[in-house]
Amino acid sequence: MSHLPAEPVSPAAVPPKADSVLVRVGEAATKSEQVRYDMQSQLAANLTHLLEDRDVDGTVVHRRNRPVVRTTEPAAATTVVTDAPGVVSASPARSVEPTMDAVTDALATIATDQGLDGSFAVRVNRVGVEYPFDSEDVEREGGSAVYDAVDADDPEVDLDDPDTVFRAEIYPDEAFVFGPKHQGPGGLPVGSQRPLVTLLSGGIDSPVAAFEILRRGAPVKPVYVDLGDYGGPDHRARAESAARTLAEYAPNHVDALHVVDGGDVCRELADTLEQGRMLVFRRFIYRVAADLAADWGATGVVTGEVIGQKSSQTTQNMSVLDSVTDFPIHRPLLTVDKDEITERAKRIGTYTAAEIPAGCNRFAPDQPETRAGLAQMADIEPDWLEERAKEVADGAERVSLE
């Protein structure tokens with residue numbers, strides 16, 4: 001299960017006089033020197049856009065393996081940062097001089113301000129080699145300072161499994177003192193991979209699939225196929241709401257929903273086909289997505305399909321769907337259970353809109369096809385379907401998400 005956006009950071013979790021947010025990356029730190037630099041530059045740009053988009057004060061400083069946000073709003077800035085794909089965790093922190101006295105004093109101040117309930121430990125990490133002390137020295141002195149500061153709470157030191165951890169990171173030019181680590185989505189910075197077209201229905205699954213693609217660093221280009229009378233305004237409203245929510249995580253990479261008119265095709269297929277109708281329509285949608293991917297320079301198509309969840313999503317039927325295009329079809333939720341997908345949708349904020357009733361079930365045939373073959377598709381698929389897909393792709397409506 002992927003790490004999902006955390007709850008808003010409480011001001012009570014912010015150290016006194018905090019002026020920074022320490023940002024931790026995961027996989028990006030393991031890459032080669034040039035790739036790491038490029039990914040962290042991309043992450044810095046993403047964080048800057050996120051802070052601006054949410055009107056939170058913050059200036060991103062690019063440090064090796066540890067971006068830092070200078071801010072007058074550390075709680076809000078930490079909440080923003082932990083929504084950014086590529087961020088493993090972040091901590092509001094106080095910047096002090098990189099000396100033993102400054103660090104231990106700040107640790108004591110944090111402990112006094114936040115109090116103590118249970119055992120504690122001090123963890124210190126030094127970056128660089130030229131120091132008149134080692135990490136253990138600072139942990140020992142810092143632990144003593146914290147103990148003295150919270151003596152009234154009857155403190156207990158537990159170095160193995162403490163209830164509370166006070167932390168410090170020391171660099172040659174400054175040190176940061178902080179407490180809890182707030183979890184982010186993990187993954188890679190959006191923009192570190194090539195973009196993908198994402199089929200977005202507005203239901204529970206497809207927005208979560210799109211978020212997972214963002215979390216792996218690929219910008220998404222959401223596409224909604226309007227079903228006309230078989231969908232209705234509420235169906236489209238769900239998709240627009242989902243797209244806007246996704247844009248909140250990557251405002252500099254997701255700025256529009258592209259709406260394709262599939263209503264006439266729905267109606268014609270409903271009037272002329274019974275068996276295999278749903279698969280034929282989905283093959284039409286795949287063709288539309290592939291045409292748009294080619295036009296936009298995208299490298300694949302994303303869907304929210306899960307093995308066996310619906311009749312069109314059997315392994316046999318998905319192979320029939322894939323055959324309509326040479327573009328790879330990415331299914332990030334392929335083996336994920338519905339309960340877990342629903343929980344992810346709640347966490348990223350797309351679940352409520354997905355619960356709006358929509359009329360698209362009226363298009364499904366009474367007896368769905370679960371084991372279609374390519375020969376069957378060749379027999380029942382209208383000759384005009386491929387050309388119609390190209391026409392509606394060319395006429396896609398761009399809906400701004402700003």
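Provided above is the structure to which this section pertains.
Residues numbered from 1 in each chain as written. Predicted model: local features only at pLDDT ≥ 70, side-chain atom pairs only at ≥ 80, totals over all residues. Heavy atoms only, no water.

## Some remarks on the overall build of the chain
Looking only at helices and strands, the chain has 13 helices and 15 strands in total. With respect to the principal axes defined by its C-alpha atoms, the chain has extents near 80 × 40 × 35 Å. The buried share among the 402 residues of the chain stands at 53%. Of all intrachain contacts in the chain linking residues separated by at least 6 positions in sequence, the fraction that spans at least 24 positions is 81%. As displayed, the chain offers around 17600 Å² of accessible surface, 45% of which is attributable to carbon and sulfur atoms. (Helix = DSSP H or I, 4+ residues; strand = E, 2+ residues; numbered from the N terminus. Buried < 20%, exposed > 50% of the residue type's maximum accessible area, 1.4 Å probe, protein only. Contact = heavy atoms within 4.5 Å. Areas by Shrake-Rupley, 256 points an atom, 1.4 Å probe, with all protein chains shown as cover.)

## Section: the pattern of salt bridges
Counted by the stated rule, this structure contains 23 salt bridges. Among the ionic pairs, E240 bridges to R236, the shortest N-O distance being 2.8 Å. You can see E240 and its partner R236 sitting in helix α6 (residues 233-249), four residues apart, about one turn around the helix. Relative accessible area serves as the criterion here: at 17%, E240 is assigned to the buried category. Ionic pairing is found between E240 and R244, a salt bridge with its closest N-O pair at 3.7 Å. (Salt bridge = Lys/Arg side-chain N within 4 Å of Asp/Glu carboxyl O.)

## Focus: helix α10 (residues 338-348)
Restricting attention to buried positions, one finds in α10 the residues I341, T342, R344, A345 and I348. Down the axis of α10, the smallest arc covering the buried residues is 160°, so these residues share one side. Where α10 is buried, its residues contact α5 (205-215), α6 and α11 (351-354). (Arc of directions from axis to C-beta.)

## Comments concerning helix α1 (residues 33-53)
Between its terminal C-alpha atoms α1 stretches 30 Å, which fits the 30 Å expected from 21 residues at 1.5 Å a residue. Along α1, the positions that sit buried rather than exposed are R36, M39, Q40, L43, A44, N46, L47, L50 and L51. Buried residues in α1 make contact with β1 (20-25), β2 (59-61), β3 (68-70), α2 (74-81), β4 (87-96) and α6. (Expected span 1.5 Å × (residues − 1).)

## Side note on the side chain of E169
Residue position: E169 is located in strand β7 (residues 164-170). In this structure the side chain of E169 is engaged in a polar contact, spanning 2.8 Å, whose partner is the side chain of R66. At 2.9 Å, the side chain of E169 forms a polar contact with the side chain of Y171. Leaving out residues up to four positions away in the same chain, E169 has contacts with L22, R24, R66, N125, E174, A175, F176 and F178. (Polar contact = N/O pair within 3.5 Å; in protein donor to acceptor, adjacent residues only side chain to side chain.)

## Some words on the side chain of R283
On the secondary structure map, R283 appears in helix α8 (residues 277-296). Classification of R283 by relative accessible area gives buried; the value is 7%. For R283, the side chain forms a polar contact with the main-chain oxygen of V320, separated by 2.7 Å.

## Focus on the packing of aromatic side chains
According to the stated counting rule, one finds five aromatic pairs in the structure shown. Here the aromatic rings of F211 and Y249 are separated by 5.0 Å at their centres, their planes lie at 70°, and the arrangement is edge-to-face. Of this pair, F211 sits in helix α5 while Y249 sits in helix α6, and the two are 38 residues apart along the sequence. Per residue, the accessibility class of F211 equals that of Y249, and both read buried. Just above the ring of Y351 sits the side chain of K346; from NZ or CZ to the centre is 5.0 Å. (Phe/Tyr/Trp six-rings, centres within 6.5 Å; stacked < 30°, edge-to-face > 60°. Lys NZ or Arg CZ within 6 Å of the ring centre and 35° of its normal.)

## Some thoughts on the pairing of strand β8 (residues 175-178)
Residues A175 and V177 point to one face of β8 and F176 and F178 to the other, with burial holding for every one of them. Of the pairings in the sheet, the one linking β4 to β8 comprises four bridges and is antiparallel in character. The residue bridging R94 from the neighbouring strand is V177, located in β8. The pairing of β7 with β8 spans four bridges and is classified as antiparallel. (Pairing = 2+ DSSP bridges.)

## Observations regarding the pairing of strand β12 (residues 256-261)
Strand residues, when the strand is regular, have side chains that alternate between the two faces of the sheet. Counting buried positions along β12 gives five out of six residues, so the element sits mostly inside the fold. Pairing geometry for strand β11 (residues 220-226) and β12, over four bridges, is parallel. Within β12, the position partnered with D226 by the bridge is D261. Relative to strand β15 (residues 397-400), β12 runs antiparallel, the two sharing four bridges. Residue A256 lies in a different strand from β15, and its bridge partner there is S400.

## What to know about the environment of L374
With respect to the secondary-structure elements, L374 resides in helix α12 (residues 374-380). Considering only alpha carbons, one finds L374 and A145, 229 residues apart in sequence, at a separation of 73 Å. With sequence-adjacent residues up to four places away left out, L374 is seen in contact with R283, V320 and S323.

## Some words on a negative patch on the surface
Taken together, the side chains of D117, D148, D151, D153, D154, E156, D160, D161 and D163 present a region of like negative charge at the surface. Relative to the assigned elements, E156 resides in strand β6 (residues 156-157). Here E156 falls in the partly exposed class, since its relative accessible area comes to 49%. (Patch = residues over 30% accessible without salt bridge, like charges linked within 9 Å, V, L, I, M, F, W, Y side chains within 5 Å. Lys, Arg positive; Asp, Glu negative; His and termini not counted. Charge placed at Lys NZ, Arg CZ, Asp CG, Glu CD.)

## Side note on the sheet that holds β11
Backbone hydrogen bonds hold the strands of a sheet together, and the pairing may be parallel or antiparallel. Reading across from one edge, β14-β13-β10-β11-β12-β15 is the order of the six strands in this open sheet, with mixed pairing throughout. This sheet does not close on itself; its edge strands, each paired only once, are β14 (329-330) and β15. Helix-sheet contacts for α8 involve β10 (196-199), β11, β12, β13 (301-302) and β14, and the interaxial angle to β10 is about 150°. (Axes fitted to C-alpha atoms, helices over the stretch in contact; angles between N-to-C directions.)

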